[in-house]
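# Inside the fold
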Amino acid sequence: MNNIHFDENNTNYFKLDFADERVDGADKVTGKAKYTAEYNLPNMAYAVFVTSTIAKGTIKNIDTAKAMASPGVLDVIYYANCPSVPGYIKNEWRGHKVLYDNQVKFFGQPIALIVADSLENANAAIRLVRAEYESQAFETNFDLARKDASKLKGTVVYKRGTENKFKEAPVFIEAEYTIPAEVHLPMEMHATIAFWEGEDKVTLYDKTQGPKSTQSTVARTFGLSDKNVRVIAENVGGGFGSGLRSWANVPAAVMASKKLNRPVKLVLTRPQMFTLVGYRPQSWQKIGIGADASGRFVGITHEAISGTSRYEDFREGIVNVSKFLYASDNVDTKYSMLPLDMSTPVWMRGPGEATGSYGLESAIDELSYKLKMDPIALRLKNFTTVNPENKLPFSDINLKDCYAYGKDKIGWKNRPTVPGSLKENGWLIGYGMANGVFGAGKGAATVRALLNQDGKLTLECAVSDMGPGTTTSMTKIAATAMQMPIEKVKFKLGDSDLPPGPSQGGSGTTSTVGSAVDLACSTLKQNLKDLAIKYAPAFASLKSDALEVKNEMVLAVADPTIKIAIVDLLQLSPDKKIDMTIASSGKTAEQLKFTSNSFSSHYVKVAVHPKDGTIKILQVVTTGDAGKIISPKTARSQMIGGVVGGIGMALTEQLEMDHQSGQIINASFGAYKVPLHSQIPPTDVWFVDKPDVNMNSIGAKGIGEIALIGFAAAVTNAVYNATGKRVRDLPITPAKLGFKAKV
Amino acid sequence: MNPCQFDDARRGFLKKSASVAALYFTPSVLVKTFAADAIVPMPIAKEKLQFILNGKSVSLEIDARTTMLNLLREHIGYTGTKKGCEMGQCGACTIHVNGKRLKSCTQLALNHQNNQITTIEGLANGDQLHPMQAAFLKHDAFQCGYCTSGQIMSAVACVREGKASSRASIQAYMDTNICRCGAYQNIVDAIDEVAKSGAKI
């Protein structure tokens, strides 16, 4: 394996002193960075959705006459005048076929699209559209519906050893854990600008985490070839999963642009961000876990149900973590979906693993008290370096280092072993911890490397950067591999015309695209060495393995006075530049001998007021075991962001429904509580930062998910430690702790 | 509100309405969405507006319904000011009006005749970043960058108004600005550093 990067003797590699700011940071602090809705095209029209006011039924009639007569309105598109969409007819659009028929499948579903010459004119016409419905019985109440087994679907079971073995253990617990639906709510609203450049050629600016994925969806939906669909997403203002598929705004804008033969901009409203671009589904879990007197797990039983829509199946890995993070000979799991008359959920940061880890890590905490054992000691007792599900060794696992750091930094020694027994300044104090784990993938990606005659290197891949700092990380990987100044490297992304790359999701971007960038750079270096031998007389007698590339030069290793600047070398070559496109594959046979995961371990100190139940998070320590950390500054920010998301999950976030109407009733930032500045405590971030040499050539694994996975349980475990009250229904509120709500 | 605190009060009313909720099947009936037949298409009023934008005089004729945010983004092309909710709840659209911070999404542009408007585009001096912009860059006080313009405009106002004397005070002032990527800690670090530097901003 090409692993020169981690040669201890190759000190140059680690000593390159880069400025550590985001390479695209200056554009973001000056407002120059352009996001999807910010492109202004000549003759562009503005589109807005009119949405349903029933949860389920049939539209009998839509009266668009007044809206059509409203100033500036160009068209009102709905099922009766919807253009023919080839993919709708051939069933190639995954999801609800927007504006296509008169069926209403959820409250807030788009039923008409108003297109006008200005945003003001489009908005003014919304109230002029009148719809008559025939409504039908619907069901949105997850809590009630899940109790009827006949309503469940897609049940998948897993068994290793004996079912329900935990009940035979001398010490066991069995408990139910519930999480409400939560919403991604990136700050940038989903938006699409579409314009047809010809009869069969369309270009989109779209808020997506996957330009190639959106390109493919649009091509299939509108019966076009991929090359005739271009999707641009240069800057993506957050996503957390909501941008992992194309939603109603994409085909709506594309069809409107076609119908009106002019560019159309469609930006969702904040309330529509709650109904039209997915959410983390509501879930119920029951976990049984038992141990012998020493703490060794005897068995784990993990059952889960999560919501989906009536028209699509959405499943995620809620029960997966129980199968492999800890050693246990007996594990059985069962997972089902519950269809409801809501829109379809989608992966939200950490996705199912965040849900499942909340349950499992809470259950282990509960067991630790019953065993009268320290929860970290209990996890250590069941530590494994071999994945018990597939029997493959972990490519690397350093959770023990995380435990050591976290315990020390949070002050674990002060943790009361009897819950509710420690007070500071009149507040009840508690400490909690929990682990997170997520698969570390490496997929296929293609990178174009263009080394110009001025010595500047440009790399291109059709991936996106929704905020983690992919542009920065990729630039650093290239500058490091080439041992050249970072300011001479540019990484271009966010355009489906670039060489294919993955959607940004599942913590796979750094590993997948980073490996491709690394491969492109090592190929580029080889090319430079070959050019030197062929065209630079001083190198004519040397072999390429006697050469190295660094500091923008090619040099002889044995005699560094034999050297040539890359710009001079390119001048000697016939092409004057190097332009190559390199494809990197998924895991190699060698890498497939291991199972690869990123791990995290979170530590929280909370205070709970004994009179009113007010919860304060006093301190957070979060640790990540994810191989080599490519870009420490942006990686730290990602972990801090995971903590904030985890605090929201644990203490504030909850999608609320009115089940009489089927409507979401807190669809705004005013009513759906995301964490704010004043709720965020000091957070200490620490990484093991050790290359996982069995994973990929760069030794790096993803951190996007593990930053969040497990965090909610760390909070709830700390609250239990402080109060002795176990809340198994997120978010924890003073009322659920038994305190009267303040009015 | 104390730092890092969570209580039930702000969502109490929601709980009440949610408690009514139960499995309920709407009978199959015709539902008319809008009883108000009185709603009719409105004529558009065009009005003259003049104001100072980042030191330059702007005068134009606008649709009277245009918000300051939409005027900046859609009509003038100043897209540095961001749209995050259009309800005054997220702070992404924060600008300075006559030196005070204001959420531009809730403002009709016509209410700002002759006002001095500063947007994120007006903070830097050519290529020279404003100290708050430089501090945000240094502390990595953002990830996706979408809330950043609003955070920086609020941050500058925070220091100017003398509300940056402690981290708790900064946090309380900045609660108007949501960051979904969760860069809060780094944002406070940036503001704290600028405030302590004594730089005139």
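Residues numbered from 1 in each chain as written. Chains lettered and ligands numbered in written order. Predicted model: local features only at pLDDT ≥ 70, side-chain atom pairs only at ≥ 80, totals over all residues.

### Overview of the domain arrangement of chain A
Residue and element names in this part refer to chain A. What counts here: Domain delimitation follows an automatic or database domain assignment. The secondary structure listing takes helices from DSSP runs of H or I that are at least 4 residues long and strands from runs of E that are at least 2 residues long, numbered from the N terminus. Each residue gets one label: Ala, Val, Leu, Ile, Met, Phe, Trp, Tyr, Cys and Pro are nonpolar, Asp, Glu, Lys and Arg are charged, and the others, such as Gly, are polar.
Here chain A is described as being made up of domain 1 (4-33 + 442-586) and domain 2 (350-441 + 592-723). Residue assignment for the side of domain 1 that touches domain 2 shows that the elements contributing at least two residues are α14 (470-482) and α15 (509-535). Ranked by residue count, the leading element in the side of domain 1 that touches domain 2 is α15, at seven residues. Partitioning the side of domain 1 that touches domain 2 into residue classes produces four nonpolar, 13 polar and five charged.

### Some details on unusual backbone geometry
Condition: Field definition: a residue is buried when 20 or more other C-beta atoms are found within 10 Å of its C-beta, exposed when 12 or fewer are, and partly exposed for counts in between, with C-beta atoms placed from the backbone.
Omega for the bond connecting L730(A) with P731(A) falls within 30 degrees of zero, at -10°, which places this linkage in the cis form. Tracing the sequence through the fold places P731(A) in the segment after α18 (711-723). Unlike most non-glycine residues, N425(A) shows phi in positive territory, near 50°. Classification of N425(A) as exposed rests on a count of 6 C-beta atoms within 10 Å. We note that N98(B) has phi near 50°; this positive angle belongs to a residue other than glycine. Note on N98(B): 12 C-beta atoms within 10 Å, which makes it exposed.

### So, the sheet that holds strand β22 (residues 553-556) of chain A
Residues and elements named next belong to chain A. Formally: Note: two strands are recorded as paired if DSSP finds a minimum of 2 bridges between them. Every axis corresponds to a line fitted to the C-alpha atoms, with the helix fit spanning only the stretch in contact, and the corresponding angles, defined between N-to-C directions, vary from 0 to 180 degrees. Once C-beta atoms are placed from the backbone, any two residues with those atoms within 7 Å are in contact.
Taken together, the three strands give an open sheet; going across it, the order is β21-β22-β23, and neighbouring strands pair in antiparallel fashion. Each of the sheet's edge strands pairs with one partner strand only, and the pair in question is β21 (547-550) and β23 (563-565). Across this sheet, the average inter-strand angle for adjacent strands is 15°, counted without regard to direction. Alignment of β21 against β22, held across four bridges, turns out to be antiparallel. Among the inter-strand pairings, V549 is bridged to a residue of β22, identified as V554. Most of the contacts of α15 go to β21, to which it runs at about 120°, and overall it touches β21, β22 and β23.

### Description of the packing of helix α17 (residues 632-652) of chain A against α18(A)
All names here are of chain A. Which entries qualify depends on this criterion: We call two directions roughly parallel when the angle between them is under 35 degrees, roughly antiparallel when it is over 145, roughly perpendicular when it lies between 65 and 115, and oblique otherwise. Throughout, a crossing is termed right-handed when the near helix is turned clockwise from the far one, and left-handed when it is turned anticlockwise from it by less than a right angle.
Relative to each other, α17 and α18 sit at 55°, their axes nearing to 8 Å. The orientation of α17 with respect to α18, classified from their angle, is oblique. In terms of crossing hand, the pair formed by α17 and α18 is right-handed. On the side of α17, the interface is formed by G642, V643, G646, I647, M649, A650 and L651, while α18 contributes F711, A712, V715 and T716.

### Structural notes on the environment of I44(B)
Within the element layout of this structure, I44(B) appears in the loop between β2 (30-32) and β3 (46-53). Looking at I44(B), the number of C-beta atoms within 10 Å reads 15, which means it is partly exposed. Linking I44(B) and K138(B), residues 94 residues apart in sequence, is a C-alpha distance of 47 Å. If we skip the residues at most four places from it in the chain, I44(B) touches P71(A) and D63(B).

### Observations regarding helix α6 (residues 184-197) of chain B
Every α-helix winds through 3.6 residues per turn, so residues three or four apart in the chain are directed the same way. For the record, the criterion: One less than the number of residues in a helix, times 1.5 Å, gives the span that helix is expected to have.
Taking 1.5 Å of rise per residue, the 14 residues of α6(B) would be expected to cover 20 Å, and the 20 Å separating its terminal C-alpha atoms lies within 8% of that figure. Residues Y184(B), Q185(B), N186(B), I187(B), V188(B), A190(B), I191(B), V194(B) and A195(B) constitute the buried set of α6(B). Residues of α6(B) that are buried in the fold lie against α17 and β29 (683-687) of chain A together with α3 (131-138), α4 (148-160) and α5 (167-174) of chain B. Among the residues trailing α6(B), G198(B) stands out with phi positive, at a value near 75°.

### A closer look at the domain arrangement of chain B
Residue and element names in this part refer to chain B. According to the domain assignment, chain B contains domain 1 (46-122) and domain 2 (131-197). One C-alpha centre belongs to domain 1, the other to domain 2, and the line joining them spans 21 Å. Taken residue by residue, the interface counts 13 residues in domain 1 and eleven residues in domain 2. For the side of domain 1 that touches domain 2, the element with the most residues is strand β5 (residues 94-97), which contributes three residues. When the residues that make up the side of domain 1 that touches domain 2 are grouped by side-chain class, the tally is five nonpolar, six polar and two charged.

### Notes on the nonpolar core
For the record, the criterion: In these notes, a nonpolar core means any group of buried Ala, Val, Leu, Ile, Met, Phe, Trp, Tyr and Cys residues linked to one another through C-beta atoms within 7 Å.
One finds A47(A), A112(A), I114(A), V115(A), A478(A), V715(A) and I191(B) to be the most contacted residues of the largest nonpolar core, which totals 282 residues. For this core, the element with the most residues is α15(A), which contributes ten residues. With residues up to four places along the chain from it excluded, the contact list for A47(A) reads L113(A), I114(A), V115(A), A122(A), A252(A), A253(A), A256(A), V264(A), K265(A) and L266(A).

### Some remarks on the packing of α3(B) against α6(B)
All names here are of chain B. As a packed pair, α3 and α6 sit with axes 8 Å apart at the nearest point and diverge in direction by 135°. Judged by the angle between their axes, α3 and α6 are oblique. Here α3 runs over α6; the crossing is right-handed. Only A190, E193 and V194 of α6 make contact with α3, whose side of the interface consists of P131, M132, A135 and F136.

### A closer look at the environment of E590(A)
Residue and element names in this part refer to chain A. Its location among the elements puts E590 in the loop between β24 (578-584) and β25 (597-608). E590 gets classed as exposed once you count the C-beta atoms within 10 Å, which come to 9. Separated by 86 residues in sequence, E590 and Q504 place their C-alpha atoms 25 Å apart.

### Quick word on the pairing of β5(B)
All names here are of chain B. Here four bridges tie β5 to strand β6 (residues 100-103), and the two strands are oriented antiparallel to one another. Note on β6: the bridge partner recorded for V97 is K100. Counted between consecutive antiparallel strands, the loop separating β5 from β6 contains two residues, among which N98 sits at a positive phi close to 50°. Pairing analysis gives two bridges linking β5 to strand β7 (residues 116-118), with the strands arranged antiparallel. Bridge pairing in β7 links H96 to T118.

### As for the confidence of the model for chain A
For clarity, the cut-off: Scored between 0 and 100, pLDDT is the confidence that the predictor attaches to each residue.
Taken over all residues, the pLDDT of chain A has a mean of 95, while the share at 70 or more is 97%. When the criterion is pLDDT under 50, residues 1-18 of chain A qualifies, and its contacts beyond four places in sequence or with other chains add up to 20 contacts.

### A closer look at the pairing of β29(A)
All names here are of chain A. Burial along β29 is one-sided: the face carrying T683, V685 and F687 is buried and the face carrying D684 and W686 is not. Where strand β26 (residues 615-625) lies against β29, five bridges are found, and the strand directions are parallel. Counterpart to V620 in the pairing with β29 is T683.

### Points about the sheet that holds strand β19 (residues 457-460) of chain A
Residue and element names in this part refer to chain A. What the four strands build is an open sheet, ordered β20-β19-β18-β24; its pairing is mixed. Looking at which strands have only one partner, the edges of the open sheet turn out to be β20 (489-492) and β24. Recorded for the sheet is a direction-independent mean angle of 20° between the axes of neighbouring strands. Sheet topology places strand β18 (residues 445-451) next to β19; four bridges connect them, and they run antiparallel. Note that in β19 the partner of A449 across the bridge is L459. Packed onto the sheet, α14 meets β19 and β20 and runs at close to 140° relative to β20. Strands in contact with α15 are β18, β19 and β24; relative to β18, the strand with the most contacts, it is inclined by about 40°.

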